[in-house]
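Examination of the molecular architecture
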Amino acid sequence: MRWAVLSLIISLSACKNRNPICLIDATDILKGSGGKLITVKDSNFRIVALYDAGWDSLKGGAYLFYPNQFLKSYTFYQNKVAVYTENYDEHGYLIHTMGSPMVNRVINELGEDSAYVEVYFYKSLKSYQQLNIKINNNAAVNYKLATDTNFSNMQSVTFGINTNNLTHINMYSRIKYLDECSKVEHILSDSLFLIKDQHNELTPANTK
């Protein structure tokens, strides 16, 4: 891979942190999945788990449910590692989150002078505005998210980068989203730094 990550900084802010009750059941998840989920049921034909189609613990989302069919947890995995998790109690209260709802970012090259970036956002109970991207000293550009076709309850955006004559990429992103349950607006920001080595490939910089 020619473009490699130097460092990634993610921050998430909100104006308050008290969570109201949010009842999410298996039916709600299935309605928003677009037919992309594998269903696991117990002996009483109750749904105990839903997995993104093709999920193999390497990459994708996993939903676990209480016996009353309310959501217990959602976890998105990358290379068998949980990168984002939401945990609920049996009454529907969000009790813990880990990671960022920007669950995945992929950078792919299209030859020596161009690349494209894919960014994924978990959308359950979240209304996102446009994604603001600034690269190096160029003017910031806004990108509209669309319903993703690979993962359930996900929105994504894809955009291209002209890498001709670039020795580095400093990419700054910012997006606002509304928690539809708490009605709290959040701001999600991150920074991504890439550099090119003497072999015309971008590799991690020496941070010492």
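Use the structure listed above.
Everything numeric in this text was worked out from a predicted model, so none of it was measured.

Another aspect to go through is unusual backbone geometry. For N153, which is not glycine, the phi torsion reads 50 degrees and is therefore positive. Along the polypeptide, N153 turns up in the loop between strand 13 (146-147) and strand 14 (154-162). In the Ramachandran plot, K183 falls in the positive-phi region, its phi being about 65 degrees despite a non-glycine side chain.

Here we come to the pairing of strand 4 (residues 59-65). Counting buried positions along strand 4 yields 5 of 7 residues, so the element is predominantly enclosed. Relative to strand 4, strand 3 (residues 47-52) is paired through 3 bridges, and the arrangement is antiparallel. Following the sheet pairing, Y51 is matched in strand 4 by A62. In this structure, strand 4 lies alongside strand 5 (residues 71-78), joined through 7 bridges in antiparallel fashion.

Here we take up the pairing of strand 3. Note that strand 2 (residues 37-41) and strand 3 share 5 bridges and pair antiparallel. In the strand pairing of strand 3, K41 is matched with I47.

In this section: the pattern of salt bridges. Under the counting rule described, the total for this entry stands at 3 salt bridges. Residues K126 and E86 are paired through a salt bridge, measuring 2.6 Å at the closest nitrogen-oxygen approach. Of this pair, K126 sits in strand 10 (residues 126-128) while E86 is found in strand 6 (residues 81-88), placing the two residues 40 residues apart along the sequence. E86 carries the same exposure label as K126, and that label is buried.

What counts as what
Residues numbered from 1 in each chain as written. Predicted model: local features only at pLDDT ≥ 70, side-chain atom pairs only at ≥ 80, totals over all residues. Heavy atoms only, no water. Helix = DSSP H or I, 4+ residues; strand = E, 2+ residues; numbered from the N terminus. Buried < 20%, exposed > 50% of the residue type's maximum accessible area, 1.4 Å probe, protein only. Pairing = 2+ DSSP bridges. Salt bridge = Lys/Arg side-chain N within 4 Å of Asp/Glu carboxyl O.

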